[in-house]
Amino acid sequence: MKSMTGRLKELLTTPKDNCLACGECCRQFSWHLKASENDLERWRRLGRNDLLERVNRLGWIWVDPVTAERLPVCPFLEEIEPDTAICSIHAIKPDICRAYPTAEQYGQCLRGLQVK
Ligand code: SF4
Ligand code: SF4
């Protein structure tokens, strides 16, 4: 039988094949991501002002909605165990997060895994 953590991971991350849902890529890279036009359009359509207010005028994510300062780590990364983290906006996360790891990274994530 699957543990609660296993079920949570399955429900909330639906990780790509081989992804360990360790969250390391998000911890390392989430301070310098940009939202795409598609992301903005999707979030507007869904009325997700909580996401839109975390995008600055140049498209950088994620920022503090009050100070507009860029954040060191994505506020939607939810640490559920020491080496397990989930994306709390998985279904509508930014395109750049969906695309990771890209051909630029040779399709290989920070953990050295081919995840697709
Ligand atoms: S670093 Fe790799 S294994 Fe860890 S969450 Fe990112 S893609 Fe998955
Ligand atoms: S939106 Fe989700 S996938 Fe993207 S950096 Fe944040 S936690 Fe990671």
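Everything that follows concerns the structure shown earlier in this document.
Residues numbered from 1 in each chain as written. Chains lettered and ligands numbered in written order. Predicted model: local features only at pLDDT ≥ 70, side-chain atom pairs only at ≥ 80, totals over all residues.

## Some points on the overall build of the chain
Cut-off, in case you're wondering: A helix here means a DSSP run of H or I that spans at least four residues, while a strand means a run of E at least two residues long, and both kinds are numbered starting from the N terminus. In this scheme the burial state of a residue depends on its C-beta neighbours within 10 Å: 20 or more other such atoms mean buried, 12 or fewer mean exposed, and anything in between means partly exposed; the C-beta positions come from the backbone. It is the C-beta atoms, placed from the backbone, that decide contacts: two residues are in contact if theirs lie within 7 Å.
Broken down by element type, the chain carries 5 helices and 4 strands. Going from N to C terminus, the chain has its helices and strands arranged as α-α-β-α-α-β-β-β-α. In the chain, which comprises 116 residues, the proportion classed as buried is 18%. Within the chain, contacts between residues at least 6 apart in sequence are counted, and of these 62% link residues at least 24 apart.

## A short note on the site of ligand 1
Let me state the cut-off plainly: Each residue receives a C-beta atom built from its backbone; the residue is near a molecule or strand if that atom lies within 6 Å of it. Residues are sorted three ways: Asp, Glu, Lys and Arg are charged, Ala, Val, Leu, Ile, Met, Phe, Trp, Tyr, Cys and Pro are nonpolar, and all the rest, Gly among them, are polar.
Taken together, Cys-19, Leu-20, Ala-21, Cys-22, Gly-23, Glu-24, Cys-25, Cys-109, Leu-110, Arg-111, Leu-113 and Val-115 make up the full set of residues near ligand 1. Within the shell around ligand 1, the residues separate by chemical class into 9 nonpolar, 1 polar and 2 charged.

## Some remarks on the pairing of strand β3 (residues 77-81)
Defined as follows: Any two strands are treated as partners once DSSP identifies two or more bridges connecting them.
Pairing between β3 and strand β4 (residues 84-87): 4 bridges, direction antiparallel. What sits directly across from Glu-81, in β4, is Thr-84. A loop of 2 residues connects β3 with β4, the two strands running antiparallel in sequence.

## Focus on the environment of Ile-89
Examined against the element boundaries, Ile-89 turns out to sit in the loop between β4 and α5 (95-99). Given 19 C-beta atoms within 10 Å, Ile-89 falls into the partly exposed group. Sequence-wise, Ile-89 and Leu-77 are 12 residues apart; in three dimensions their C-alpha atoms are separated by 8.5 Å. The residues touching Ile-89, leaving out its near neighbours within four places in the chain, are Leu-51 and Phe-76.

## Considering the nonpolar core
To keep it simple, the criterion reads: Under the definition applied here, buried Ala, Val, Leu, Ile, Met, Phe, Trp, Tyr and Cys residues are grouped into a nonpolar core through C-beta atoms within 7 Å.
Ala-21, Cys-26, Leu-33, Ala-35, Val-55, Ile-61, Trp-62, Cys-74, Phe-76, Ala-85, Ile-86 and Cys-87 form the largest nonpolar core, which has 12 residues in total. Take this core: its biggest share by element is 3 residues, from β4. Beyond its immediate sequence surroundings of up to four residues, Cys-26 is in contact with Cys-74, Leu-77, Ala-85 and Cys-87.

## As for the environment of Ala-35
Looking at the secondary structure, you find Ala-35 in the loop between β1 (33-34) and α3 (37-45). Expressed as a C-alpha distance, the spacing of Ala-35 and Trp-62, which sit 27 residues apart in the sequence, is 8.9 Å. Apart from the residues within four sequence positions on either side, Ala-35 is in contact with Leu-40, Val-55, Gly-59, Ile-61 and Pro-94.

## Focus: the environment of Val-55
As for its position among the elements, Val-55 is in the loop between α4 (49-52) and β2 (60-61). Its 21 C-beta neighbours within 10 Å are what place Val-55 among the buried residues. When the C-alpha atoms of Val-55 and Leu-33 are compared, they prove to be 10.0 Å apart, with 22 residues separating the residues in sequence. Among residues more than four places away in sequence, those in contact with Val-55 are Ala-35, Leu-40, Ile-61 and Val-63.

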